[in-house]
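What the coordinates show
These are the residues of each chain, in order.
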Amino acid sequence: MENSEQTVTYQPPKMPEVNAVSFATLRGALKAGIEDFLKAPLFGLFFGGIYAIGGWIVIASLIYLKMPWMIIPVAIGFPLIGPFIAVGLYEVSRRIAAGQPLVWSEVLLVMFHQRERQLSWMAFVVLFVFWMWIYQVRLLLALFLGFKSFSSFPKFVEVITTTHEGLLFLGVGTISGAILSFVLFSATVISMPLLLDRELDFVSAMICSFKTVFKSPVPMLSWGVMVVVLAFIGMVPAFIGLIVILPILGHATWHLYEAAIGSENPAGVNSG
């Protein structure tokens, strides 16, 4: 009897089809996000509250450590981790669409199980970009304001808005920050809900996310600008506005994903 060797060949993951996104799609996603928030307000307020409390802790820590010059960069970069915080909101929206009950333990368990799946790698990517932003700011501070001293946050704001070096710092920082934000937005806007919904590696998910942005650049970039503007509006009153704005954007992002890629699994499948 002859022994036959079976050769196992690598099968690349099947890439989802990417649909074009229009401004009507964005309006529909935002409307659906508001409806999901109103259907499950306690979940939205819970996850939005976690985000706001995290912002308070970070700002308080910077003040305590006498690093007031880091408040603005951290406040600007803080929304970068929003997509990861919104994972629970994606799960809530998926369960609402599937007509399944919203059970706290089940939603939180889904989030807990993501540490064993590819979404945890996306969290690393997000945090890595966030730290790149922080170190980039520190580098720009050293280059443009290395000989300046800041006794308080108002003094820092005065220096960067009234001096030549400060204005250069703002200009270069804004451009470099915009580039980082574009890259991170393009990599995560679709990949986060995609990885929650399907069994796919995080690199393929990022490719799908970039494809979505490049296939519909104007609507998708407009979505990104809207998210940034709403996030900043929510941050102005001591992060309090984010308690409502973040949940709505999180739910809306799930519906944007459904329009761009399409959810193929009911709630709970591929979640743990």
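Each remark here, short or long, concerns the structure printed above.
Section: the side chain of Ser186
- By the secondary structure assignment, Ser186 is in helix H9 (residues 164–188).
- Looking at Ser186, the relative accessible area reads 0%, which means it is buried.
- When sequence neighbours within four positions are dropped, the list of residues in contact with Ser186 reads Met206, Ser209, Phe210 and Val213.

Description of helix H1 (residues 23–39)
- The end-to-end C-alpha distance of H1 is 24 Å, a good match for the 24 Å that 17 residues give at a rise of 1.5 Å each.
- Every buried residue of H1 is listed here: Leu26, Ala29, Ala32, Gly33, Asp36 and Phe37. Around the axis of H1, the buried residues are gathered within 140° of arc, so they sit on the same side. With respect to the buried face of H1, the exposed residues turned more than 90 degrees away are Arg27, Lys31, Leu38 and Lys39.

Notes on the packing of H1 against helix H2 (residues 41–64)
- It is at 5 Å that the axes of H1 and H2 come closest, and there the two elements cross at 100°. Looking at the two axes, H1 sits roughly perpendicular to H2. Residue-level inspection shows Phe37, Leu38 and Lys39 of H1 in contact with H2, the latter providing Pro41, Gly44 and Leu45.
- Residues belonging to the contact of H1 with H2 are distributed by class as follows: 4 nonpolar, 1 polar and 1 charged.

Some thoughts on the environment of Ile248
- Looking at the secondary structure, you find Ile248 in helix H13 (residues 242–260).
- C-alpha of Ile248 to C-alpha of Gly33: the two residues are 215 residues apart in sequence and 5.1 Å apart in space.
- Setting aside its immediate chain neighbours within four residues, Ile248 contacts Leu30, Gly33, Ile34 and Phe37.

Side note on a nonpolar patch on the surface
- On the surface, Leu42, Leu45, Phe46, Ile50, Trp104, Leu108 and Val244 cluster together into a nonpolar patch covering about 590 Å² of accessible area.
- Every element with two or more residues in the nonpolar patch is listed here: H2 and helix H6 (104–113).
- Broken down by element, the residue count for the nonpolar patch peaks at 4 residues, all from H2.
- Residue position: Phe46 is located in helix H2.

Overview of the side chain of His251
- Position of His251 relative to the elements: it lies in helix H13.
- Given the relative accessible area of 0%, His251 is considered buried.
- A distance of 3.3 Å separates a polar atom in the side chain of His251 from the backbone oxygen of Leu89.
- Discounting chain neighbours no more than four positions away, the residues touching His251 are Gly33, Asp36, Phe37, Leu89, Val92 and Ser93.

What to know about the nonpolar core
- Judged by nonpolar contacts, the single largest core of 54 residues is most densely connected at Phe169, Val189, Trp223 and Leu256.
- For this core, the element with the highest residue contribution is helix H7 (residues 119–145), accounting for 12 residues.
- Ignoring sequence-local partners within four residues, the contact set of Val189 consists of Ser209, Val213, Met220, Trp223, Thr253 and Leu256.
- Core analysis: the second largest hydrophobic core is formed by 7 residues, Tyr51, Ile59, Leu242 and Leu246 among them.

About the thresholds
- Residues numbered from 1 in each chain as written.
- Predicted model: local features only at pLDDT ≥ 70, side-chain atom pairs only at ≥ 80, totals over all residues.
- Heavy atoms only, no water.
- Helix = DSSP H or I, 4+ residues; strand = E, 2+ residues; numbered from the N terminus.
- Buried < 20%, exposed > 50% of the residue type's maximum accessible area, 1.4 Å probe, protein only.
- Contact = heavy atoms within 4.5 Å.
- Expected span 1.5 Å × (residues − 1).
- Arc of directions from axis to C-beta.
- Axes fitted to C-alpha atoms, helices over the stretch in contact; angles between N-to-C directions.
- Parallel < 35°, antiparallel > 145°, perpendicular 65-115°, else oblique.
- Nonpolar A, V, L, I, M, F, W, Y, C, P; charged D, E, K, R; others polar.
- Patch = residues over 30% accessible without salt bridge, like charges linked within 9 Å, V, L, I, M, F, W, Y side chains within 5 Å.
- Areas by Shrake-Rupley, 256 points an atom, 1.4 Å probe, with all protein chains shown as cover.
- Salt bridge = Lys/Arg side-chain N within 4 Å of Asp/Glu carboxyl O.
- Polar contact = N/O pair within 3.5 Å; in protein donor to acceptor, adjacent residues only side chain to side chain.
- Core = buried A, V, L, I, M, F, W, Y, C linked by side-chain atoms within 4.5 Å.

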